Amino acid sequence: MCRSLRYCVSHCLYAAMTRLEEANKDVSMHSSVRYLGFLASLNLMVALCMGLYVRWEKTADTIILVIFILGLFVLGIASILYYYFSMEAASLSLSHLWFGFLLGLLCFLNNPSFKSDVKEEATKYLLLTSIIIRTLWALVERVCGCVRYRPALLTSAEFLELVGFAIASTAMLLEKSMSIILLVASLAVLIIDLRMKSFLAVPNLVTFTVLSSILFFPSLNIPTNPFALACFFSRLICDPLLDVYFSGLSVTERWLPFLNRGRLCRRLSILPLGLVEITFFILSAFKLGDLHLWYFVIPGFSIFGIFWLVCHVIFIITVWGFHTKLNDCHNVYYTQRTDSRNLDRVMASKGMRHFCLISERLVFFSLLSTAILGAVSWQPTNGIFMSVFLVVLPLESLTHGLFHELGNCLGGTCVGYAVVIPTNYCSPDGQPTLLPPEHVQELNLRSTGMLSSIQRFFAYHMIETYGCDYSTSGLSSDTLQTKLKSFLELRTADGPRHDTYVIYYSGHSHSSGEWALAGGETLQLESILDWWTEKNGTFCSRLIIVLDTENALPWVKDVKKVCDLFVAVQGAGLAKVVNVEEADPPQLGDFTAEWVEYNCNPDNNIRWAEKGRTITPVYGVSKRWSDYTLHLPTESDVAKHWMTNFPRVTYPLVHLANWCGGLQIFWACTFCLRCFRRLKLSWFPPTVLDTGAGFKLVKS
């Protein structure tokens, strides 16, 4: 049933994309997608003009007419800058700022008498159409691979639209305007929360949507346009929400704008964080003035207020300790002059993973205490209290997400082994033979390039090298078996096994994917998996096999059937028929060069989804691949870490956090998330799969 459904979905998507291709033969896919974005903006502009015209017509307010004409003038200037002076950045900045401002006016300058106007009804439908087209554009843009992800907290477009909306709120009274501005700030933090893929980002999104729509805006006692609000909200949330699935950035890449901040800047960031927390506590104390339920409010605030204070003292100490350890990591990082991609390795060597695993539980208690105190001190008529509450929640969720992500991705050790057998032809009996003498020099150059590339890959990602074997006459089955078994039983200097084992092979293979060895012998995937099971035992390590062969696809398909192991195979298909006038025929080593360049050069221009590629990478993972997690520290390690980083007075709460963290109270959420990840990898495998070890698996 599932296979039939998957086939139907895939067939429908393929048919739709084929029809789209036929309709745009002379236009690139990227241009077609951009036209869809222009259509959404044009639709929104028409809706804004019509909505403002209705408000001027009904109220005869000269200010609205002036703003309307000024808005058209500014949008005209933006168009001139874009099309005649090629100043795309300035043009888009003006457009986004005014879109946010005009949407804010359309939202707050509302009146029940407008509902009977036909033009107002048309405005609503235009806004809904803009939402649909904007969402469709964002989705198609990501499905077609037209988005190039860069580490950022907020994009300039999002920031300017938020600023424009906040400026529009100043048309109201000061208290209501302040409530709206704080709500805009909470929306900005929520966008960052989603873009960083924090563990609690989606629950925060649901909380924000429910509280703002049901409780916040009714508390202001002003008529608002729900369609304009929905349009503004969807324009800002759509991209980061879709990127939760589509973005292929690793944890350190997503958090790079924060991790690479200056030492003083990161230290000073604790001041506004503490100020927001204190403001929330003071606003919560206003609830004590409500004597209607004094027998509930006073004891509740006293108990949970003290609990909140203790939790947030530990919260501030934890954040300060994190910045201290991060400063130490930066000192080592700049001393060794390593690349930014290896910052996570430096953090792992400085014990950051242990710190984050413990701090995650402590920050969760802070988040829980904030939610409880907010519920106890809830003030349904105080818009400022609700706005600050919605600012604090995503801020603490961001901190929790940072510790959660770093605790899960840091600390993994990796070891690699490479085998290069440069034989491209095979005799009838299956034995690999050497190339003709006239091609020996070319073969040596290509093979040397493969060895250099894989050694660069090992060195860049700090992968411990077991060896790089190169043989022009092939390796015997016994020799390779001895080498692989010795490699698979390697352990770290401290005793435990490595977290990830990488095997690289480039050479001749049969149509079934088997490696062609000397003497007509072969090596099957089942043999490697049997040796892996024997050596790995109950230890949860991963095995990644990278193939640069002519027949890598059979192993990629076979590994998807493996159930009880964490195994992945990265390979590539080589085009059989190539137009020599457009591109050279692909050869062994080409995929290695591209894959290593992609994983070792952050500024690479490689597009795996590009049409007409002669090399089409593909990967396969075992069924349980998404369940893999790094190992937790022992109790003695945790106790030692507490004594080093936290004052003695906090030990009871730290022990309580550690005990509750071991209860796995989110086992249901973890189970659902595990099922979702398995479904994602089996039905919709991403184009770029982050291994968590610094490098990525890719497919076209």
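For the structure, see preceding data.
Since this is a predicted model, take the numbers as computed values, not measurements. (Residues numbered from 1 in each chain as written. Predicted model: local features only at pLDDT ≥ 70, side-chain atom pairs only at ≥ 80, totals over all residues. Heavy atoms only, no water.)

Draft legend 1. Representation of the pattern of salt bridges within the structure. Using the criterion set out here, one finds 17 salt bridges in the structure. Two residues, Lys 124 and Glu 121, come together in a salt bridge whose shortest N-O distance is 3.7 Å. Remark: Glu 121 and Lys 124 occur in helix α5 (residues 118–143); sequence separation between them is three residues, near one turn of the helix. For Glu 121, a relative accessible area of 29% gives the class partly exposed. Between Asp 469 and Lys 483 there is a salt bridge whose closest N-O contact spans 3.6 Å. In this pair, Asp 469 is assigned in strand β4 (residues 464–470) and Lys 483 in helix α19 (residues 477–488), connecting sequence segments 14 residues apart. Among the charged side chains, a salt-bridge network with shared partners connects Arg 134, Glu 141, Arg 142, Asp 239 and Asp 243. (Salt bridge = Lys/Arg side-chain N within 4 Å of Asp/Glu carboxyl O. Helix = DSSP H or I, 4+ residues; strand = E, 2+ residues; numbered from the N terminus. Buried < 20%, exposed > 50% of the residue type's maximum accessible area, 1.4 Å probe, protein only.)

Draft legend 2. Layout of the packing of aromatic side chains. Across all of its chains, the model carries 30 aromatic pairs by this definition. Where Phe 457 meets Trp 595, the ring centres are 4.9 Å apart and the plane angle is 40°; that geometry is what we call tilted. Within this pair, whereas Phe 457 is found in helix α18 (residues 440–460), its partner Trp 595 is found in helix α22 (residues 590–600), the two being separated by 138 residues in sequence. The pair Phe 457 / Trp 595 is uniform in exposure class, with both members buried. Pairing Tyr 501 with Trp 532 gives two aromatic rings, centres 5.3 Å apart and planes at 70°, and the pair type is edge-to-face. Note that Tyr 501 is positioned in strand β5 (residues 500–506) and Trp 532 in helix α20 (residues 525–536), a separation of 31 residues in sequence. With respect to burial, Tyr 501 and Trp 532 carry one shared label: buried. An aromatic cluster is defined as three or more aromatic residues linked by ring pairs; in this entry it consists of Phe 280, Phe 281, Phe 301, Trp 308, Trp 378, Phe 385 and Phe 389. (Phe/Tyr/Trp six-rings, centres within 6.5 Å; stacked < 30°, edge-to-face > 60°.)

Draft legend 3. Representation of unusual backbone geometry. Even without being glycine, Lys 197 reaches a positive phi, approximately 55°. Here Lys 197 shows up in the loop between α7 (174–195) and α8 (201–220). The backbone of Asn 221 shows a phi angle near 55°, a positive value even though the residue is not glycine. Along the polypeptide, Asn 221 turns up in the loop between α8 and α9 (226–246).

Draft legend 4. Region of interest: the sheet that holds strand β8 (residues 542–548). Spatially, β4-β1-β5-β8-β9-β10 is the arrangement adopted by the six strands of the open sheet, whose pairing is mixed. The sheet is open, and its two edges are formed by β4 and β10 (615–621), each paired on a single side. The mean inter-strand angle of the sheet, taken between neighbouring strand axes irrespective of direction, is 10°. As defined by bridge partners, strand β9 (residues 567–574) adjoins β10 across seven bridges and the pair is classed as antiparallel. Its bridge partner being in β10, Ala 568 is matched across the sheet by Val 621. Packing of α19 onto the sheet brings it into contact with β1 (414–420), β4, β5 and β8, and relative to β1 it is tilted by some 170°. Together, β5, β8 and β9 form the strand contacts of α20, whose direction differs from that of β8 by roughly 155°. (Pairing = 2+ DSSP bridges. Axes fitted to C-alpha atoms, helices over the stretch in contact; angles between N-to-C directions. Contact = heavy atoms within 4.5 Å.)

Draft legend 5. Seen up close, the environment of Gly 248. Within the secondary structure, Gly 248 is located in the loop between α9 and α10 (251–254). C-alpha of Gly 248 to C-alpha of Asp 690: the two residues are 442 residues apart in sequence and 6.7 Å apart in space. Not counting chain neighbours up to four residues away, the residues in contact with Gly 248 comprise Tyr 149, Glu 253, Val 688 and Lys 696.

Draft legend 6. Examining the packing of α7 against α9 more closely. Two elements in contact, α7 and α9, have axes separated by 8 Å at closest approach and are oriented at 20°. Between α7 and α9, the interaxial angle falls into the category roughly parallel. By crossing handedness, the relation of α7 to α9 is classed as left-handed. Residues Leu 187, Leu 190, Ile 191, Leu 194 and Arg 195 of α7 form the contact with α9, whose own contacting residues are Phe 232, Phe 233, Leu 236, Ile 237, Pro 240, Leu 241 and Val 244. Residue classes in the contact of α7 with α9 are distributed as eleven nonpolar, no polar and one charged. (Parallel < 35°, antiparallel > 145°, perpendicular 65-115°, else oblique. Left-handed = near helix turned anticlockwise from the far one by under 90°. Nonpolar A, V, L, I, M, F, W, Y, C, P; charged D, E, K, R; others polar.)

Draft legend 7. Structural context of the pairing of β9. Buried residues dominate β9, accounting for eight of its eight residues. Burial of the side chains of β9 extends over both faces: Val 567, Val 569, Gly 571 and Gly 573 are buried on one face and Ala 568, Gln 570, Ala 572 and Leu 574 on the other. Examined bridge by bridge, β8 and β9 share four bridges and lie parallel to one another. Looking across to β9, one finds that Val 546 is bridged to Gln 570. Between the parallel pair β8 and β9, the chain is carried across by helix α21 (residues 553–559), and the sense of this crossover is right-handed. (Right-handed = clockwise from strand over helix to strand, strands pointing away.)

Draft legend 8. Fine view of the nonpolar core. Core analysis: the largest hydrophobic core is formed by 61 residues, its most contacted members being Ile 180 and Leu 187. For this core, the element with the highest residue contribution is helix α4 (residues 88–108), accounting for nine residues. Those residues in contact with Ile 180, other than ones at most four positions away along the chain, are Phe 108, Phe 165, Ser 169, Met 172, Phe 216, Phe 217 and Leu 220. Counting 38 residues, the second-largest nonpolar core is a separate cluster that includes Phe 457, Tyr 504, Val 546 and Ala 568. (Core = buried A, V, L, I, M, F, W, Y, C linked by side-chain atoms within 4.5 Å.)

Draft legend 9. Structural context of the side chain of Ser 506. Among the structural elements, Ser 506 can be located in strand β5. Classification of Ser 506 by relative accessible area gives buried; the value is 1%. Those residues in contact with Ser 506 that sit more than four places away from it in its chain are Val 419, Val 420, Ile 421, Met 450 and Asp 548.

Draft legend 10. Structural context of the packing of helix α13 (residues 270–285) against helix α17 (residues 383–409). Interaxial distance between α13 and α17 falls to 10 Å at its minimum, and their mutual angle equals 140°. Of the possible angle classes, the one that applies to α13 and α17 is oblique. Both α13 and α17 take part in a crossing whose hand is left-handed. On α17, the residues touching Leu 273, Val 276, Glu 277, Phe 280, Leu 283 and Ser 284 of α13 are Ile 384, Phe 385, Val 388, Phe 389, Val 391, Val 392, Leu 395 and Glu 396. Taken together, the residues of the contact of α13 with α17 break down into eleven nonpolar, one polar and two charged.

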